[in-house]
Amino acid sequence: MNEPRTYISPLVKVSAKAKMGARVRIDDFTIIHDNVVLGDDVTVESHCILGHPTPLANGQPLVIGSGAMIRSHSVFYEGSTFGAELITGHRVTVREKITAGKNLQIGTLCDFQGHTEFGDYVRTHSNVHIGQKSKIGNCVWIFPYSVLTNDPHPPSDGFLNGVVVEDYAVIATMTCILPGVRVGKRSLVGAHTLVSKDVEPDSVVAGVPGKKVCMTADIKLRDGSDRPAYPWMRHFHRGYPEDIVAAWKLEYGD
């Protein structure tokens, strides 16, 4: 068998100043600007723009770690750094000054407004908006059409107070989280919730405005087993490395 090798479509515009690792694939009509660093085994599908220039990046490069899959029509500005195994859907917009750990997954039509921190193994589904100054922990789930805001009295000039989402939290679909709110570790925000106050760890909030309704341990799986649905790490392992799953089993049981 032939070993995989670098493939760059003849219909691609790649700056000579961009830096690329081994076995990179770049498909038709993509533009790679000067200030870009791609790791090994990165795939960039058609009609993408990587390293879009902006003075807000302060000259910092766009760094894409190894094993990334960037799907068609995605736009990444310069000035952000992503760990290994980044995965995107189609038509995502990612601004400058973002730092992200391993295996960030960005759903189709997501809009990340920059100046944001992500931990490892964060999952965002389609049409998620992340406002500037947000801080997202490890193994967080954010489901479709959710919005993390940052402006306490819009429109304001420079006074931004982002949302903090702690490790293992789950934010269900069509949630809006107001500026400066902290969503606690292993908590659950119910669908269509307006979150205006901090969420306690291991608690469930729901409603408009969001109110605490119970603890996550009170929710049972709907599979007839009567087992607790949370912490979700006890029963959901798909897509996570074996060492992390093994640690979860030791901490939370099977």
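Just above, that's the structure.
Asks: Help me understand the pattern of salt bridges in this model?
Replies: Opposite charge on two side chains allows them to pair when their charged atoms are near. Inspection of every chain in the model, using the stated rule, returns seven salt bridges. Between R23 and D41 there is a salt bridge, with the nearest N and O atoms lying 2.6 Å from each other. Taken as a pair, R23 in the loop between β3 (19–20) and β4 (25–26) and D41 in the loop between β6 (36–38) and β7 (43–44) lie far apart in primary sequence, 18 residues in all. On the basis of relative accessibility, which here comes to 35%, the residue D41 falls in the partly exposed class. Residue R227 is joined to D223 by a salt bridge in which the shortest nitrogen-to-oxygen separation is 3.5 Å. Take D223: its relative accessible area is 47%, and that puts it in the partly exposed class.

Asks: Quick question: what am I supposed to make of the sheet that holds strand β21 (residues 135–136) here?
Replies: Think of a sheet as strands paired side by side through backbone hydrogen bonds, with each pair either parallel or antiparallel. The sheet built from nine strands is open, its strands ordered β3-β6-β9-β12-β15-β18-β21-β24-β27 with parallel pairing. Single-partner strands in this sheet number two, and they are β3 and β27 (182–183). In terms of strand pairing, β3 meets β6 through two bridges, oriented parallel. What sits directly across from K19, in β6, is V37.

Asks: What is the right way to read the nonpolar core from this model?
Replies: Soluble globular proteins tend to pack their nonpolar side chains together in the buried interior. Among the nonpolar cores identified, the biggest contains 45 residues, and I64, F76 and F82 are the most heavily contacted of them. Elements that contribute at least two residues to this core include exactly β6, β9 (62–64) and β15 (98–100). Counting residues in each nonpolar core, the second largest holds 17 residues, with Y121, Y230, I244 and Y252 among its members.

Asks: Hey, could you run me through unusual backbone geometry in this one?
Replies: For residues other than glycine, phi is negative in most cases, and the peptide bonds are mostly trans. For the bond running from P154 to P155, omega is -10 degrees, close enough to zero to count as cis. Note that P155 resides in the loop between β23 (147–148) and β24 (164–165). The omega torsion across Y230 and P231 is 0 degrees, close enough to zero to call that bond cis. Summarising the element assignment, P231 is placed in the loop between β31 (211–215) and α1 (242–252). One non-glycine residue with positive phi stands out, namely N58, at about 55 degrees. Mapped onto the secondary structure, N58 falls in the loop between β8 (49–52) and β9.

Asks: I tried to follow the sheet that holds strand β2 (residues 13–14) on my own but got confused; where do I start?
Replies: Pairing is parallel in the open sheet, where 10 strands are placed in the order β2-β5-β8-β11-β14-β17-β20-β23-β26-β29. Edge positions in the sheet fall to β2 and β29 (194–195), since each has one partner strand and no second. As defined by bridge partners, β8 adjoins strand β11 (residues 75–77) across three bridges and the pair is classed as parallel. Across the sheet, H52 pairs through a bridge with Y77, a residue of β11.

Asks: Can you walk me through the pairing of strand β30 (residues 203–206) in this structure?
Replies: Successive side chains on a regular strand alternate, one facing one side of the sheet and the next facing the other. Of the strand pairs in this sheet, strand β28 (residues 188–189) and β30 are connected by two bridges, and their pairing is parallel. The partner of L188 across the bridge, within β30, is V204. Sheet topology places β30 next to β31; four bridges connect them, and they run antiparallel. Bridge pairing links A206 to K211 in β31. Here β30 hands over to β31 after four residues, with G207 in that stretch at a positive phi of 105 degrees.

Asks: Got a minute to help me understand the packing of aromatic side chains in this structure?
Replies: Two aromatic rings, taken as a pair, are described by how far apart their centres are and by the angle between their planes. The tally for this structure, following the rule as stated, stands at 12 aromatic pairs. Geometrically, the ring pair formed by F112 and F118 is stacked, given 5.1 Å between the ring centres and 20 degrees between the ring planes. Look at F112 and you get buried, because its relative accessible area is 1%. With 5.8 Å between their ring centres and 35 degrees between their planes, W232 and Y240 make a pair best called tilted. For W232, a relative accessible area of 7% corresponds to the buried category. What links up through ring pairs into an aromatic cluster is the set Y121, W141, F143, Y168, W232, F236, Y240 and W248.

Asks: Even after reading the chapter, I still don't get the side chain of D27, so can you show me in this structure?
Replies: For D27, the position within the fold is in the loop between β4 and β5 (31–32). Taking relative accessible area as the criterion, D27 reaches 16% and is therefore assigned buried. Here R25 takes part through its side chain, which lies 2.9 Å from a polar atom of the side chain of D27. Once residues within four sequence positions are removed from consideration, D27 is found in contact with Y7, S9, V12, V44, E45 and S46.

Cut-off values and rules
Residues numbered from 1 in each chain as written. Predicted model: local features only at pLDDT ≥ 70, side-chain atom pairs only at ≥ 80, totals over all residues. Heavy atoms only, no water. Salt bridge = Lys/Arg side-chain N within 4 Å of Asp/Glu carboxyl O. Helix = DSSP H or I, 4+ residues; strand = E, 2+ residues; numbered from the N terminus. Buried < 20%, exposed > 50% of the residue type's maximum accessible area, 1.4 Å probe, protein only. Pairing = 2+ DSSP bridges. Core = buried A, V, L, I, M, F, W, Y, C linked by side-chain atoms within 4.5 Å. Phe/Tyr/Trp six-rings, centres within 6.5 Å; stacked < 30°, edge-to-face > 60°. Polar contact = N/O pair within 3.5 Å; in protein donor to acceptor, adjacent residues only side chain to side chain. Contact = heavy atoms within 4.5 Å.

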